[in-house]
Amino acid sequence: MTATAEQRVESLALATHGISKLQFYGQLARYGRLTISDAYPTAATDGLNVWCNPDFIDGLTDTECMFVYLHELTHIAQRHMELYDDLKERSAMLTNMAMDYEINLKLMCLNAGCDPAFPLVEIPVYKDGPKQGEYMALYDTQFENMSVRQIFGVLWEENEEGSPEAGDSPEAGDSDDPSQYSQSIQDRMCEGQDSHDWMEVDENDPESQKKMDEVSKIIKTAIQHSTQFAGDSAAELGFKVEDLVEVKTPWYEILRDFMIHNKKDAQYSTFRRFNRRWVGSDMYLPTYESTQVGEMFVAVDRSYSMDATSAEAANHLRVILQDVRPDKVTVLYWGSSVYHVDNYDASNYHEFTLDSIPSTGGGTDAACVAEYIKDKGVHGSTFECGIILTDGCVYSQGEWGPLNIPLLWGITKDGDTDFNPEIGQVITLD
Ligand SMILES: [Zn+2]
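Residues numbered from 1 in each chain as written. Predicted model: local features only at pLDDT ≥ 70, side-chain atom pairs only at ≥ 80, totals over all residues.

Turning to the packing of helix H1 (residues 5–18) against helix H4 (residues 62–77), a few remarks are in order. The N-to-C vectors of H1 and H4 enclose an angle of 70 degrees; their axes lie 10 Å apart at closest approach. What the angle tells us is that H1 and H4 run roughly perpendicular. Here Arg8, Val9, Leu12 and Ala13 of H1 lie close against H4, whose contacting residues are Asp62, Cys65, Met66 and Tyr69. Tallied by class, the residues present in the contact of H1 with H4 amount to six nonpolar, no polar and two charged. (Axes fitted to C-alpha atoms, helices over the stretch in contact; angles between N-to-C directions. Helix = DSSP H or I, 4+ residues; strand = E, 2+ residues; numbered from the N terminus. Parallel < 35°, antiparallel > 145°, perpendicular 65-115°, else oblique. Contact = placed C-beta atoms within 7 Å. Nonpolar A, V, L, I, M, F, W, Y, C, P; charged D, E, K, R; others polar.)

Structure below.
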């Protein structure tokens, strides 16, 4: 008697526990549900659970089936449901493709060290028809060692080049309709691709946000637990588990995005010109076309615990400022009061520093920064956004509400990790 799709997938899921390389996946799978259903044409994930279509599974060999199953689990491990919102907004289709390219290259690394006659996974291929022998999944060695962001950048550019009339429109590429994409992107798309049906928050339903937070917690716990459990055996994966799970956006990238999105006349970013500074690192940032970058402030809490962090933050800010080139940056040194002010503009961003001024000791009260900014406003200065660097141990946060300035709190990693601002976003400078 031949096994049903359900039995096959379940036995493969079970097998992951016995293959040391795959124990990470075996653990991870315990947190979500596996459903055999024809709700999706091939396989699918919503970020926690996995679906497999029985007819699709029937057409696969066991090693292909394992590939598909692990593909879905890798989406979960990389928290694709929660990440890359900025890319998804630009083009959900290209983001999905970039994720798949990245995952599939990683999965093929699982075969490293295996007897070539007995690979752990194989990319599914068409068994018959005009595409016989061709891959049913997105696979391109051009993207080896590239991050999802980097791959997205290449795909975006490829799409723009191939659709000249759509090239300048911000909506270019923002469509679920394949025919809206360049021919080369359409050629890349394949029917065998899985479905990414990420859970989404319904903004009108408070329960929805709560549920999403719960799911997010489950996923994080699952990843943590699975990484611990897999321990040494994870070393056999051929790639580091940390590489697999640590896709956290670096804080300075968030900070850079914050500055750009809050600037005057912010325009659409474009990947047409690569930002050379980041090529080769894990980032592949768009070049921003706008030249209208307004005035901002960076307020640095100079209590003693800040020394090492502010030096590192200054290094990152120097690079960002030279690239984004705001009209003006005012640096405020504060403790119980704002006791020193430096001004920077395009002529001296290369000299940007945050540690020329020693601490005065004494209290730490962010209210003095809000007061200073309010006073500046009265005297004609218009800050478009502000960044406050602090350990978060402050007497008060200050009255930011009435100032209506987008605010980003950068909290040192040794600082108050529970810091929860009334106004503004928060990042940890780790
Ligand atoms: Zn996928």
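Looking now at the sheet that holds strand E2 (residues 43–45). Taken in spatial order, the four strands make up an open sheet running E1-E3-E2-E4, and their pairing is mixed. Of all strands in the sheet, those with a lone pairing partner are strand E1 (34–36) and strand E4 (195–196), marking the two edges. In this sheet, strand E3 (residues 50–52) lies alongside E2 in antiparallel orientation, the contact comprising three bridges. Paired with Ala44 across the two strands is Trp51, which belongs to E3. (Pairing = 2+ DSSP bridges.)

Pairing between the strands of a sheet is mediated by backbone hydrogen bonds and can be parallel or antiparallel. Pairing is mixed in the open sheet, where six strands are placed in the order E9-E8-E7-E10-E11-E12. Of all the strands in the sheet, the pair left with one neighbour each is strand E9 (338–344) and strand E12 (425–429). Neighbour-to-neighbour, the strand axes of the sheet open up by a mean angle of 20 degrees, direction not taken into account. Both strand E11 (residues 407–412) and E12 contribute to a ladder of five bridges, which runs parallel. Each residue of the ladder has a partner; that of Trp409, found in E12, is Val426. Against the sheet, helix H13 (residues 367–378) makes contact with strand E7 (295–301), strand E8 (328–334), E9 and strand E10 (383–390), and its axis sits at roughly 140 degrees relative to E8, the strand it touches most.

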